[in-house]
Amino acid sequence: MLVLRVLNVVAPAYFLCISLVTFVLQLFLFIPSMFKDPSTTPLFSPALLHGALFLFLSANALGNYILVIQNSPEDLGKCLNSGGGAEVVANQPDGSRSPCSALPSTHFCRLCARVTQRHDHHCFFTGNCIGSRNMRNFIMFCLYTSLACLDSLVAGVAYISAVLSMSFANPLAFLTLLPHSISQFFSGALLSSEMFVILMLYLWLGIGLACAGFCSHQILLILRGQTRYQVRKGMVVRARPWRKNLQDVFGKRWLIGLLIPMLNVGSDYHRHKDK
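What counts, and at which threshold
- Residues numbered from 1 in each chain as written.
- Predicted model: local features only at pLDDT ≥ 70, side-chain atom pairs only at ≥ 80, totals over all residues.
- Heavy atoms only, no water.
- Helix = DSSP H or I, 4+ residues; strand = E, 2+ residues; numbered from the N terminus.
- Buried < 20%, exposed > 50% of the residue type's maximum accessible area, 1.4 Å probe, protein only.
- Contact = heavy atoms within 4.5 Å.
- Areas by Shrake-Rupley, 256 points an atom, 1.4 Å probe, with all protein chains shown as cover.
- Salt bridge = Lys/Arg side-chain N within 4 Å of Asp/Glu carboxyl O.
- Axes fitted to C-alpha atoms, helices over the stretch in contact; angles between N-to-C directions.
- Parallel < 35°, antiparallel > 145°, perpendicular 65-115°, else oblique.
- Left-handed = near helix turned anticlockwise from the far one by under 90°.
- Nonpolar A, V, L, I, M, F, W, Y, C, P; charged D, E, K, R; others polar.
- Phe/Tyr/Trp six-rings, centres within 6.5 Å; stacked < 30°, edge-to-face > 60°.
- Disulfide = S-S within 2.5 Å.
- Polar contact = N/O pair within 3.5 Å; in protein donor to acceptor, adjacent residues only side chain to side chain.

Can you walk me through the overall build of the protein in this structure?
Within the protein, the secondary structure is distributed over 11 helices and 6 strands. Counting only residues that meet the buried cut, the protein has 42% of its 275 residues in that class. By sequence separation, contacts in the protein at least 24 residues apart represent 61% of the contacts at least 6 residues apart. In the form shown here, the protein has an accessible surface area of approximately 15,300 Å², with 68% of it arising from carbon and sulfur atoms.

Just to check I follow, could you spell out the pattern of salt bridges for this structure?
A complete count under the given rule lists 1 salt bridge for this structure. Between aspartate 248 and arginine 240 there is a salt bridge, and its shortest N-O distance comes to 2.8 Å. Taking relative accessible area as the criterion, aspartate 248 reaches 19% and is therefore assigned buried.

I'm lost on the packing of helix H4 (residues 135-163) against helix H7 (residues 192-224) in this one. Help?
The geometry of a pair of packed helices is captured by two quantities: the angle between their axes and the separation between those axes. The N-to-C vectors of H4 and H7 enclose an angle of 150°; their axes lie 8 Å apart at closest approach. What the angle tells us is that H4 and H7 run roughly antiparallel. Where H4 crosses over H7, the handedness of that crossing is left-handed. Counted by class, the contact of H4 with H7 contains 23 nonpolar, 6 polar and 1 charged residues.

What should I look at first to understand unusual backbone geometry in this one?
Generally, phi is negative for residues other than glycine and the peptide bonds are trans, each holding for most cases. One non-glycine residue, alanine 113, adopts positive backbone phi at about 55°. Its location among the elements puts alanine 113 in the loop between strand E3 (107-109) and strand E4 (114-116). Despite not being glycine, serine 165 has its phi angle at roughly 55°, a positive value. If you trace the backbone, serine 165 turns up in the loop between H4 and helix H5 (172-175). Relative accessible area serves as the criterion here: at 66%, serine 165 is assigned to the exposed category.

Would you take a moment to explain helix H9 (residues 242-250) for this structure?
Because each turn of an α-helix spans 3.6 residues, side chains separated by three or four positions end up pointing in the same direction. Residues Asn245, Asp248, Val249 and Phe250 constitute the buried set of H9. Residue glycine 251 follows H9 closely and has a positive phi angle near 80°.

What exactly am I supposed to notice about the packing of aromatic side chains here?
We describe a pair of aromatic rings using the distance from one ring centre to the other and the angle between the two ring planes. The full count for this structure, using the stated rule, is 12 aromatic pairs. Summarising the aromatic geometry, the rings of phenylalanine 56 and tyrosine 144 are spaced 5.9 Å apart at their centres and angled 85° between planes, so their arrangement reads as edge-to-face. Highlighted residues: phenylalanine 56 in helix H2 (residues 46-70) and tyrosine 144 in helix H4, separated in sequence by 88 residues. Phenylalanine 56 sits in the partly exposed class, given a relative accessible area of 35%. Considering the side-chain rings of phenylalanine 185 and phenylalanine 186, the 5.5 Å spacing of their centres and the 75° angle between planes classify their relative orientation as edge-to-face. Take phenylalanine 185: its relative accessible area is 31%, and that puts it in the partly exposed class. Look at phenylalanine 186 and you get exposed, because its relative accessible area is 69%. Three or more aromatic residues joined by ring pairs make a cluster, and in this case those are Phe15, Tyr65, Phe138, Phe141 and Phe214.

Sorry if this is basic, but what is going on with the state of the cysteines here?
One covalent bond between the sulfur atoms of two cysteine residues makes up a disulfide. Inspection of the entire model under this criterion finds 0 disulfides. Here cysteine 109 is not cross-linked by a disulfide; its sulfur's nearest cysteine counterpart is in cysteine 129, at 3.4 Å. Sulfur of cysteine 215: no disulfide; nearest cysteine sulfur belongs to cysteine 142 and is 6.0 Å away.

What is the right way to look at the side chain of threonine 145 in this model?
Mapped onto the elements, threonine 145 comes out in helix H4. Look past the residues within four positions of threonine 145 in its chain and what remains in contact with it is Phe15, Ala61, Ile207 and Cys211.

Help me out: how do you make sense of the side chain of glutamine 230 in this one?
As for its placement among the helices and strands, glutamine 230 is situated in helix H8 (residues 228-233). When its relative accessible area of 6% is taken as the criterion, glutamine 230 is described as buried. At 3.1 Å, the side chain of glutamine 230 and the backbone nitrogen of threonine 227 are in polar contact.

The following block contains the structure:
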């Protein structure tokens, strides 16, 4: 349990550090290097277009990241206990008693100390549980983080290609870039700043692929009307149309939330909450 609590603090700090490093490299290294092309007009230069795209992706990724944390799942244990009924508790494997709910697909998280409705999983990078309230923001966070990493990867490859006069037309060139760069770095032929950018290329690739895979997996579960917790526990869910499952998570006006970081718009959860 101590390891999980430490990971719950280290993982968000790791994400914020990577985001800060990416922002600095893009703003002070990659984008300025694109202004050196005299054949483009200032208004439609690759630097301005790429800068606008990167800021759009970053704003959506960080905006949804904040909303995932701010829009935390409600503690159903407190809601039920405050309703005048009997205290809702559950026996834990270690003999302790914790608040819980008898409703299906709810789960008590020991890290967050709350009972989450339609609990999916606990995300260590946000330090928060993912449930019915913040599932859409979490998926948008994964999507735009993956796109921002892909954007940074392409810009970084273009920068390294220009600085080191390399060609990445051969796919094997990227695979052999890291071992070749390490040997050049220790021989003194490669600057530390260039080596750092090369390491970030592989980090962006790994994070981007991981976020893309996780986002695709979550969307597949939503189409089936399931959560990761239900799949892990082998729970049987009632079959529903996939359009209804998507609407429950993304709402009817999903296009607004796809372009701008915001809370769920028109979802069933918020309509029931307003009632």
